[in-house]
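Chain and residue survey
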Amino acid sequence: MQFLEAEFVQGFIRMANDGWEQGWHERNGGNLSYRVKPEEVEEVRESFVEKEWQSIGTTVPDLAGEFFLVTGSGKYFRNVILKPEDSICMIELDNKGENYRIVWGLVNGGRPTSELPSHLMNHEVKKQVTNGKYRVVYHAHTTNLIALTFVLPLNDETFTRELWEMATECPVVFPAGVGVVPWMVPGGREIAVETSKLMKEYDVAVWAHHGLFATGEDFDLTFGLMHTVEKSAEILVKMLSMQPQKRQTITPDMFRNLAKDFKVILPEKFLFEKEK
Ligand code: 2HA
Ligand code: ZN
């Protein structure tokens, strides 16, 4: 099969373009990665041209030998649908999870996303805690959520509770809540370590004054998660712009009732009584 015809490649390209159309990917902002299934690797293996091994910049032993489809460093989400072979690549990890090599794409040169350490460390944690179910890691510069990181205290409890209150579906879509990483230099191992620690517990991590990371089983669920969190952030920005106090909202007991009917577990640490 032609590489670009494979369903997982088509799904990746569509998701990148959906993010572009949402306005979350100015210039080269954001990045996307997908842990490719073994049978999908075989579908496209005949297209591989293996390049030299390079250091990942961190170690991910539980991902040794795996293949990933990733956006390229400095590449624009806008261009993924127009020239995928120049904008994205498939990489293979070595048998220690220390090095990668490009096996397809980035035909005009370049490297995988500058956030490769964060993507791979998140994949490693999610592979462990979901028994291999999760395959997608997505980073976007979501406008309203970023705006909130200048206004709300930077902790998991506040972000989770405020986002949950803005739309009844939120606690059902992300019942575990969201984690918050304070401002850190992007692109390196340190921010990757902090983010992947949060990913043991959450599917979403906020990067203060920068953007969001979302993880999930497939493209639809991961994009939908990003979209739901950002929509909720937009409602909160609109609400705070009208008046600082809520006249009415969803209360902790209402969340407990919702949890019962929708059969989700909502951690009590997010259902605190607020000070008046
Ligand atoms: O430019 O979003 O975090 C890509 C990024 C870095
Ligand atoms: Zn970014």
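The structure displayed is predicted, hence computed values, not measured ones. (Residues numbered from 1 in each chain as written. Chains lettered and ligands numbered in written order. Predicted model: local features only at pLDDT ≥ 70, side-chain atom pairs only at ≥ 80, totals over all residues. Heavy atoms only, no water.)

**Here's the deal with the coordination of the zinc ion (ligand 2)**
Under the convention used in this document: Only nitrogen, oxygen and sulfur atoms qualify as donors, provided they sit within 2.8 Å of the metal or within 3.2 Å for Na, K and Ca; with water excluded from the atoms, sites may seem incomplete. Buried means the residue's accessible area, taken with a 1.4 Å probe over protein chains only, is under 20% of the maximum for its type, while exposed means over 50%, and partly exposed covers the values in between.
Around the zinc ion (ligand 2), the protein contributes the donor atoms H139 (NE2), H141 (NE2) and H210 (NE2), at 2.0 to 2.1 Å from the metal centre. Overall, the relative accessible area of 1% leaves H139 in the buried class.

**A closer look at the sheet that holds strand 1 (residues 31-35)**
Which entries qualify depends on this criterion: The pairing criterion for strands is at least two bridges between them, as found by DSSP. A run of H or I in DSSP becomes a helix once it reaches four residues, and a run of E becomes a strand once it reaches two; helices and strands are each numbered from the N terminus.
Taken together, nine strands build an open sheet; the order of strands is 2-5-4-3-1-6-9-8-7 and the sheet is mixed. Only two strands of the sheet have a single neighbouring strand rather than two, namely strand 2 (54-55) and strand 7 (179-181). Pairing of strand 7 with strand 8 (residues 204-207), which is carried by three bridges, proceeds in the parallel orientation. Bridging from a neighbouring strand, V180 pairs with V206 of strand 8.

**Some remarks on the nonpolar core**
Condition: For our purposes a nonpolar core is just a set of buried Ala, Val, Leu, Ile, Met, Phe, Trp, Tyr and Cys residues, chained together by side-chain atoms within 4.5 Å. When checking whether two residues touch, look at their non-hydrogen atoms; a contact exists if any pair is within 4.5 Å.
Core analysis: the largest hydrophobic core is formed by 69 residues, its most contacted members being F8, L69, M90, Y138 and L145. For this core, the leading source of residues is helix 10 (residues 219-242), giving eight residues. Apart from residues no more than four positions distant in its own chain, L145 is found in contact with F159, L163, V206, G211, L212, V229, E230 and A233. In terms of nonpolar packing, the next biggest core, distinct from the first, is built from 15 residues, V70, I102, L106 and M121 among them.

**Focus: helix 10**
Note the cut-off: By this rule, a helix spans an expected 1.5 Å times one less than how many residues it contains. Pairs of N or O atoms within 3.5 Å make up the polar contacts considered here, provided that, within protein, one atom can donate a hydrogen while the other can accept it, and that residues adjacent in sequence are counted only when both atoms are side-chain atoms.
End to end, helix 10 covers 35 Å across 24 residues, agreeing with the expected 34 Å (1.5 Å per residue, within 8%). All buried positions along helix 10 are accounted for by F219, T222, F223, L225, M226, T228, V229, E230, S232, A233, L236 and M239. Backbone nitrogen of D220 and a side-chain oxygen of the N-cap are separated by 3.3 Å at the start of helix 10; the cap is D218.

**Examining the side chain of E230**
Counted only if it meets this: In this count, Lys and Arg are taken as positive residues and Asp and Glu as negative ones, while His and the chain termini are left out. For this analysis, a salt bridge means a side-chain nitrogen from Lys or Arg found within 4 Å of a carboxyl oxygen belonging to Asp or Glu.
Structurally, E230 can be placed in helix 10. For the buried E230, no salt bridge exists, and the shortest N-O distance to an oppositely charged side chain is 9.7 Å, to K238. If we skip the residues at most four places from it in the chain, E230 touches W24, T142, T143, N144 and L145.

**Concerning unusual backbone geometry**
Even without being glycine, L106 reaches a positive phi, approximately 45°. Mapping L106 onto the fold places it in the loop between strand 5 (99-105) and helix 5 (116-129). Within the chain, K263 stands out as a residue other than glycine whose phi angle is a positive 55°. With respect to the helices and strands, the residue K263 is situated in the segment after helix 11 (252-262). Here K263 falls in the exposed class, since its relative accessible area comes to 73%.

**Here we look at the layout of surface pockets**
By rolling a water-sized probe across the atoms, one finds the places where empty space is left. For the record, the criterion: Only protein atoms enter the calculation, which uses a 1 Å grid: trapped sets of points that fit a 1.4 Å probe without letting it out are cavities, open sets showing protein on both sides within 12 Å along at least five of seven lines are pockets, and any residue with an atom within 4 Å of a point is a lining residue. Grid points are joined across faces, edges and corners, and a volume is the space filled by probe spheres set on the points. Gly is put with the polar residues, along with every residue not named as nonpolar or charged; the nonpolar set is Ala, Val, Leu, Ile, Met, Phe, Trp, Tyr, Cys and Pro, and the charged set is Asp, Glu, Lys and Arg.
In this model, the largest pocket occupies a volume close to 560 Å³. Lining the largest pocket are 22 residues, and of these E165, Q245, K246, K274 and E275 lie nearest its centre. Put simply, the parts of the chain that give the lining of the largest pocket at least two residues each are helix 7 (156-166) and helix 10. Per-element accounting of the lining of the largest pocket gives the leading share, four residues, to helix 7. A class-by-class count of the residues in the lining of the largest pocket yields eight nonpolar, five polar and nine charged.

**So, the site of ligand 1**
For clarity, the threshold we go by: Being near a molecule or strand, for a residue, comes down to having at least one heavy atom within 4 Å of it. Exposure was quantified through the Shrake-Rupley algorithm and a 1.4 Å probe, taking into account, for residues, occlusion by the shown protein chains and nothing else.
In the neighbourhood of ligand 1, the contacting residues comprise N28, G29, G30, N31, E115, H139, H141 and H210. Separating an oxygen atom of ligand 1 from a side-chain N or O atom of E115 is a distance of 2.6 Å. H210 is positioned with one of its side-chain polar atoms (N or O) 3.0 Å from an oxygen atom of ligand 1. Protein coverage of the free-state accessible area of ligand 1, which is 220 Å², stands at 84%.

**Here we look at a nonpolar patch on the surface**
Put simply, the rule is: Only residues whose relative accessible area exceeds 30% and that take part in no salt bridge are eligible for patches, with like-charged residues grouped when within 9 Å of each other and nonpolar side chains (Val, Leu, Ile, Met, Phe, Trp, Tyr) grouped when within 5 Å.
On the surface, a nonpolar cluster with roughly 310 Å² of combined accessible area is contributed by F150, V151 and L240. You can see V151 is positioned in the loop between helix 6 (143-148) and helix 7. Relative accessible area serves as the criterion here: at 59%, V151 is assigned to the exposed category.

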